[in-house]
Amino acid sequence: MSTGKWTDYINPAVQNMPPSGIRRFFDLAAEMEGVISLGVGEPDFATPWHIRESCIYSLHRGRTSYTSNQGLPELREEIARYLAGQGAVYDPRRELLVTVGVSEALDLALRTVIQPGDEVIIPTPCYVSYIPCTTLAGGVPVTVATRLEDNFRLTADRLEAAITPRTKALLLCYPNNPTGAVMDRQSLLAIAEVVAKHDLLVISDEIYDRLTYTGRHTCFAALPGMRDRTILLNGFSKAYAMTGWRLGYAAAHPDFIAAMTKIHQYTMLCAPITAQVAALEALRHGQSAMEQMVAQYNRRRRLVLQGFKEIGLPCFEPGGAFYAFPYIGHTGLSAAEFAENLLREEKVAVIPGDVFGPGGEQCIRCSYASSVDDLTEAVKRMGRFIKNRTAG
Ligand code: PLP
């Protein structure tokens, strides 16, 4: 890699940004053969056929143009209908913006509300983009480590302890990546109370809202008094196995949506029409295909939890997403050592928990969006690995 003068031309905020810790493990795994990967955070299903077909058909009809900046009106209407079903009512004309994945929506939300030095509270372990995106937007990420004994839920008192006069926003993600934690309505109401008391904004990434196994998802914006101070983010990647289509959306008060649309219209113009057409089909007719995938994830979730129990890997029960976050502290290895040795010795790729920020140091993230055969074999290999470590 060059270390010549061109690095001097690079914005220090980018130059000093650490590369994703997940990427490093993918690179290591890619060099080896016969690896079972529990590392990736993406569905192992292809997008349901009728969704792909709707896109093919629209291309056939020549639908290849830009759309309005905010997205196809009929798609926004369908999204509004979906969110209303969760108790969060939005005007599709002024309160919704279709984006290039939740990734773009997150970036827009942060860049829209953050001024230099504003603090953003981020419960950790968290999705790997949150901290760098906050920093790039000029904000100061303030991490609040959630704990295994709280089932990795954010508690109102830990939130309140992190608030300062510079706190601008709270970034929530439930169901959570990487822990699989979900928050029940009662716990979220306690968070909402603190948010209102300190007049904070909330950016709520609910990309895993359909992937819940232990109870119904609570939409944060649907809680009393939270709608107008919440920028709700959601998308199609996880629920409909549409990661490569790059489609998401933001729902919020018209002032936020108008401001976010200003950036979006100059940087993206609009989300791809092909993906918007497919997303419309997903919302209109994708319910049963999606439910079948969720049932599969749930089956795999139970298989992995049972397997971990049998091999002596303590794991709290994840209620959502498709991740398990078992504790590995008793092996005497750090999360990075565990993951690296497991990969080298048993060819199973998992992600060390510290990659996701404070709170994950003694855990590893295992994605169960893999086939039953692969999961069964991976658990077997992990059992052998742990036995070798703890024996004698
Ligand atoms: N938010 C969370 C919590 C995620 O886990 C991911 C992807 O893994 C994303 C956002 C990115 O979503 P998208 O594919 O819609 O950009």
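Please read all numbers here as calculations on a predicted model, not as lab measurements.

### Some words on the UniProt feature "domain: Aminotransferase class I/classII large" (unreviewed entry) in the protein chain
- Following the UniProt record, one finds the feature "domain: Aminotransferase class I/classII large" (unreviewed entry) at residues 34-381.
- Between the C-alpha atoms that bound residues 34-381 the distance is 12 Å, and the span itself is 40% helix and 14% strand.

### Focus: the domain arrangement of the protein chain
- Domains assigned within the protein chain are domain 1 (11-47 + 288-390) and domain 2 (49-286).
- With centres defined by C-alpha atoms, the gap from domain 1 to domain 2 works out at 25 Å.
- The interface is formed by 35 residues belonging to domain 1 together with 38 residues belonging to domain 2.
- Contributing elements (two or more residues each) for the side of domain 1 that touches domain 2: α11 (287-310) and β9 (323-324).
- Of the residues assigned to the side of domain 1 that touches domain 2, the class counts are 22 nonpolar, 10 polar and 3 charged.

### Let's talk about the sheet that holds strand β5 (residues 167-172)
- One open sheet holds the 7 strands; their spatial order is β2-β8-β7-β6-β5-β3-β4, and the pairing between them is mixed. Only two strands of the sheet have a single neighbouring strand rather than two, namely β2 (96-99) and β4 (140-145). Direction aside, neighbouring strands of the sheet carry axes that sit 20 degrees apart on average.
- When strand β3 (residues 119-124) meets β4, the two strands line up parallel, connected through 6 bridges. By the bridge assignment, P123 is partnered in β4 with V144.

### Thoughts on helix α13 (residues 372-390)
- The terminal C-alpha atoms of α13, which comprises 19 residues, lie 27 Å apart, in line with the 27 Å expected from a rise of 1.5 Å per residue.
- Burial in α13 covers these residues: L375, A378, V379, M382, F385 and I386. Along α13, the residues classed as buried sweep out an arc of 125 degrees about the axis, all on the same side. Projecting away from the buried face of α13 at angles above 90 degrees are the exposed residues D373 and K387.
- Against the buried residues of α13 lie β1 (36-37), α11, α12 (335-346) and β10 (348-349).

### Details of the sheet that holds strand β12 (residues 364-367)
- Across the sheet, 3 strands lie side by side as β9-β12-β11; this open sheet has antiparallel pairing. The sheet is open, and its two borders are formed by β9 and β11 (351-352), each paired with just one other strand.
- As paired strands, β9 and β12 are joined by 2 bridges and run antiparallel to one another. Counterpart to A324 in the pairing with β12 is C366.

### Focus on the confidence of the model for the protein chain
- Looking at the protein chain, pLDDT values average 95 and 99% of them are 70 or higher.
- On the interface metric, ipTM, the complex scores 0.99, and its pTM is 0.96.

### So, the nonpolar core
- Grouped together as the largest cluster of nonpolar side chains are 122 residues, with contacts concentrated most on A109, L233, A250 and A251.
- Inspection of this core shows a minimum of three residues originating in each of domain 1 (11-47 + 288-390) and domain 2 (49-286).
- In this structure, A250 is in contact with L97, T99, A105, L108, A109, I231, L232, L233, I257 and M260, ignoring residues within four places of it in sequence.

About the cut-offs
Residues numbered from 1 in each chain as written. Predicted model: local features only at pLDDT ≥ 70, side-chain atom pairs only at ≥ 80, totals over all residues. UniProt positions renumbered as here; feature names shortened; annotations may be inferred. Helix = DSSP H or I, 4+ residues; strand = E, 2+ residues; numbered from the N terminus. Domains from an automatic or database assignment. Contact = placed C-beta atoms within 7 Å. Nonpolar A, V, L, I, M, F, W, Y, C, P; charged D, E, K, R; others polar. Pairing = 2+ DSSP bridges. Axes fitted to C-alpha atoms, helices over the stretch in contact; angles between N-to-C directions. Expected span 1.5 Å × (residues − 1). Buried ≥ 20, exposed ≤ 12 C-beta atoms within 10 Å, placed from the backbone. Arc of directions from axis to C-beta. pLDDT = per-residue confidence, 0-100. Core = buried A, V, L, I, M, F, W, Y, C linked by C-beta atoms within 7 Å.

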